[in-house]
Amino acid sequence: MGWPWAELGERLQAWGFSWQGLRDNRHGEWCLLAQMLLISAHWLPPTPTPAALGIHWPMAVRVVGGITVVVGLVLGAQGTVSLGESLSPLPEPMPGAVLVTEGAYGRCRHPLYQSLLTCSLGVAIALGSLLHLGLLLAFVVVLGHKARREEARLIAVHPDYAAYRASMAAIVPRLPWLDWRTA
């Protein structure tokens, strides 16, 4: 049995990670780093708190936010299972990966990004924090950009992707930055 670090190194290499990629963003590493920073920032305390703004944040709203986070986690699990061995955190498709259009990918083209946005929305609702609302908006920008980069590569690798793209919402149906079916 080998060291877990060796297995992690092999997985990172299979995904296309390299020190050079971190320097020049060859596989979209900077999008992933921005994504990881935004995920981590969700652990920051609410700023300002609703109480600091003179607002009573009802328990029912907090519960709705918590339920929204759970829904986001379920969406993420569905997307992860549907993608299987094709899963990569980078916006570069895995070499030899098949095009997945069923399961969670029958709901939208980027269910994992949809999951992250749903979780972020849930945290913002649960905490009533302007900081977390800002993080959600930053997530929209970063994931919209990352998805566009990913799709440029998917179109180059999978001839059927253009038809799938035309018929399926990107991340959130009918929201211009998050659904660009004909762009």
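If you're wondering where the values come from, they're calculated on a predicted model, not measured in any experiment.

(A) Seen up close, the packing of helix H3 (residues 29-41) against helix H6 (residues 130-157). Here H3 crosses H6 at 160°, and the two axes come no closer than 10 Å. Relative to H6, H3 is oriented roughly antiparallel. Helix-helix and strand crossings are classified by hand; for H3 and H6 the assignment is left-handed. Together, Cys31, Leu32, Ala34, Gln35, Leu38, Ile39 and Ala41 of H3 and His132, Leu135, Ala138, Phe139, Val142, Leu143, His145 and Lys146 of H6 make up the contact between the two elements.

(B) The nonpolar core, seen in detail. Grouped together as the largest cluster of nonpolar side chains are 16 residues, with contacts concentrated most on Leu117, Phe139, Leu143 and Ile171. Where this core is concerned, the elements lending two or more residues are H3, helix H5 (111-127) and H6. At seven residues, the largest contribution of residues to this core is made by H6. Discounting residues that sit within four places of it in the chain, leucine 143 has contacts with Gln35, Tyr113, Leu116, Leu117 and Ile171. Grouped together as the second largest cluster of nonpolar side chains are eight residues, Leu83, Val100, Ala104 and Tyr105 included.

(C) Region of interest: the pattern of salt bridges. By the definition in use, this model includes five salt bridges. The closest approach of N and O atoms between arginine 26 and aspartate 24, which form a salt bridge, is 2.7 Å. Its relative accessible area of 41% is what places arginine 26 among the partly exposed residues. In this structure, a network of salt bridges that share partners links the residues Arg109, Glu151 and Arg165.

Here is what the cut-offs are and how they apply
- Residues numbered from 1 in each chain as written.
- Predicted model: local features only at pLDDT ≥ 70, side-chain atom pairs only at ≥ 80, totals over all residues.
- Heavy atoms only, no water.
- Axes fitted to C-alpha atoms, helices over the stretch in contact; angles between N-to-C directions.
- Helix = DSSP H or I, 4+ residues; strand = E, 2+ residues; numbered from the N terminus.
- Parallel < 35°, antiparallel > 145°, perpendicular 65-115°, else oblique.
- Left-handed = near helix turned anticlockwise from the far one by under 90°.
- Contact = heavy atoms within 4.5 Å.
- Core = buried A, V, L, I, M, F, W, Y, C linked by side-chain atoms within 4.5 Å.
- Buried < 20%, exposed > 50% of the residue type's maximum accessible area, 1.4 Å probe, protein only.
- Salt bridge = Lys/Arg side-chain N within 4 Å of Asp/Glu carboxyl O.

Taken by themselves, the reported measurements are silent on function.
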